[in-house]
Amino acid sequence: MNALAATSRNFRQAARILGLDSKLEKSLLIPFREIKVECTIPKDDGTLASYVGFRVQHDNARGPMKGGIRYHHEVDPDEVNALAQLMTWKTAVADIPYGGAKGGIGCSPSELSKSELERLTRVFTQKIHDLIGIHTDVPAPDMGTNAQTMAWILDEYSKFHGHSPAIVTGKPIDLGGSLGREAATGRGVIYATKSLLAEHGKSISGSTFVIQGFGNVGSWAARILHEEGGKVIAIGDITGAIKNPNGIDIPALIKHRSEGGAVKDFKGADPLDKDELLVHECDVLIPSALGGVLNRDNAANVKAKYIVEAANHPTDPEADEIFAKKGIPVLPDIYANAGGVTVSYFEWVQNIQGFMWDEDKVNMELHKYMRSAFNNIKAMCKTHDCNLRMGAFTLGVNRVARATLLRGWEA
């Protein structure tokens, strides 16, 4: 099931549990605005190349729309639509004053030079600058984009609108980025995991973890788990997977990676078949790479006691049903990986105030938001007698529906 179908299905289930009016339900699903632009740039060899850029602005009932921009050869409108909708519910679950958006350009960033990427980013910004804004829609980095991409957007946008650091988040620190932003999604995943384990009388130290994906989120999650006494016994990424029953030395692995080594060639662990990774025995499984990795083909063999979704949409609905039968709690992506957007919100707040926080304050506030969201989700689970995913979805959808009704959506 693709991301859009799964997200819409979860939304409809939540709407049914909440007893939403069918007209309101339909209105909440339809995006506020979908933008599609052509971006033509001169390549370094002098030829012209055209790319298609998208921005889906899903909902702004609770505040400016917020969401990443991804550069990926498979950026298609359906996926962007699903992710924009997911951002609407995610920001509502985290209780930050945003709606959802998502964008992207269909390109392969690895095949473009830095100057080509810069030209592409600037042309894309020129095409959408009057449709985004500090109080309208605030982009952020996503797959294939980074702080440098945000710096180019900020610069290009500022040519039209004057110096506007709050137009994007995930910027370099020197241009108004927030301390703690880089680690935020991974750190949020760990705060979420702590809340879940505490609920079952367990803690990070003494528990075993398997992490799929060793990009920004996976590597920060692994690093913080290691610091807090958790044992990461298996890790895999696109190159392959490794295991060590006594716990992988995460700082050494990160050093190995920063020196250009592949995860699978790390000396302090044994090789593991990539397909075995997700079904490896452990306390907590943290998928933090791509969507749809837990599906009906492998869900029955998953041996983890808990699953924490650091990636977007890693669990198919069929797998969800299997986990429910097996009694494996799944902490859903719209809560578990909301640390990134929460610290993005802190960055935006700091930019608007023109007053920056220190890193301890950022992490303390993030902890507060993640803990409070977990308690609110548990309360929804209790009220509606549902699992964690529906608890999160009902919480998010209910907040957006209330805001929409209060603003007078039929007028």
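Scoring rules and cut-offs
Residues numbered from 1 in each chain as written. Predicted model: local features only at pLDDT ≥ 70, side-chain atom pairs only at ≥ 80, totals over all residues. Heavy atoms only, no water. Helix = DSSP H or I, 4+ residues; strand = E, 2+ residues; numbered from the N terminus. Rg over C-alpha atoms; globule rule 2.2 N^0.38 Å. Contact = heavy atoms within 4.5 Å. Areas by Shrake-Rupley, 256 points an atom, 1.4 Å probe, with all protein chains shown as cover. Lys, Arg positive; Asp, Glu negative; His and termini not counted. Charge placed at Lys NZ, Arg CZ, Asp CG, Glu CD. Salt bridge = Lys/Arg side-chain N within 4 Å of Asp/Glu carboxyl O. Buried < 20%, exposed > 50% of the residue type's maximum accessible area, 1.4 Å probe, protein only. Pairing = 2+ DSSP bridges. UniProt positions renumbered as here; feature names shortened; annotations may be inferred. Phe/Tyr/Trp six-rings, centres within 6.5 Å; stacked < 30°, edge-to-face > 60°. Polar contact = N/O pair within 3.5 Å; in protein donor to acceptor, adjacent residues only side chain to side chain.

Across its full length, the protein holds 14 helices and twelve strands. Relative to its length of 411 residues, the protein is compact, with a C-alpha radius of gyration of 21 Å against a globular reference of 22 Å. Counting only C-alpha atoms, the protein reaches 55 × 55 × 40 Å along its principal axes. Across the protein, every contact between residues at least 6 apart in sequence was considered, and the portion connecting residues at least 24 apart equals 67%. When the accessible surface of the protein is split by element, carbon and sulfur atoms take 50% of a total near 17,000 Å². Where the 46 positive side-chain charges of the protein centre and where its 49 negative ones centre are 4 Å apart.

This part is about the pattern of salt bridges. Per the stated rule, a full pass over the model turns up 23 salt bridges. The partner of Glu-259 in a salt bridge is Lys-255, and the shortest N-O contact between them spans 2.9 Å. The exposure class of Glu-259 is exposed, given its relative accessible area of 57%. A salt bridge links Asp-265 to Lys-264, with the nearest nitrogen and oxygen atoms 3.6 Å apart. Assessed through its relative accessible area of 43%, Lys-264 is described here as partly exposed.

A separate point is the pairing of strand S8 (residues 240-243). Where strand S7 (residues 231-237) lies against S8, four bridges are found, and the strand directions are antiparallel. For Asp-237, the partnering residue across the bridge sits in S8 and is Gly-240. Adjacent in sequence and paired antiparallel, S7 and S8 are bridged by two residues. The pairing of S8 with strand S9 (residues 270-272) spans three bridges and is antiparallel. Looking at the pairing, Ile-242 lines up with Pro-271 of S9.

The UniProt record annotates "binding site: substrate" (unreviewed entry) at Lys-66, Lys-90 and Ser-344. The annotated residues occupy 279 residues of the chain but converge on a single region, no pair of C-alpha atoms lying more than 12.9 Å apart. Along the chain, the position of Lys-66 falls in strand S3 (residues 65-72). Exposure remark for Lys-66: the relative accessible area of 1% places this residue in the buried category. By the element assignment, Lys-90 lies in helix H3 (residues 77-93). The exposure class assigned to Lys-90 is buried, which follows from its relative accessible area of 5%.

On to the environment of Pro-109. Checked against the element boundaries, Pro-109 lands in the loop between strand S4 (99-106) and helix H4 (114-128). Residues contacting Pro-109, with those up to four places away along its chain left out, are Tyr-71, His-72, Leu-117 and Gly-144.

For the rest of this paragraph, the subject is the packing of aromatic side chains. Aromatic ring pairs are described here by two measures, namely the spacing of the ring centres and the angle between the planes. Scanning all chains against the criterion turns up nine aromatic pairs. Both rings, one in Phe-11 and one in Trp-89, keep their centres 5.1 Å apart while their planes meet at 10°; by these two values the pair is stacked. Taken together, the residues Phe-11 in helix H1 (residues 3-18) and Trp-89 in helix H3 connect sequence positions 78 residues apart. With respect to class, Phe-11 is no different from Trp-89; both count as buried. An angle of 40° between the planes, with centres 5.3 Å apart, marks the rings of Phe-346 and Trp-357 as tilted. Pair noted here: Phe-346 is in helix H12 (residues 339-353) and Trp-357 is in the loop between H12 and helix H13 (359-384), with a separation of eleven residues, a long-range link. For Trp-357, a relative accessible area of 13% translates into the label buried. Counting every residue linked through ring pairs, the aromatic cluster contains Tyr-98, Tyr-345, Phe-346, Trp-348, Trp-357 and Tyr-369.

Moving on, we get to the side chain of Ser-288. Structurally, Ser-288 is set in the loop between strand S10 (284-287) and strand S11 (306-308). A polar contact is formed between the side chain of Ser-288 and the backbone oxygen of Gly-213, at a distance of 3.3 Å. Beyond its immediate stretch of four places on either side in the chain, Ser-288 contacts Ile-211, Gln-212, Gly-213, Val-217, Gly-218, Ala-310 and Ala-311.

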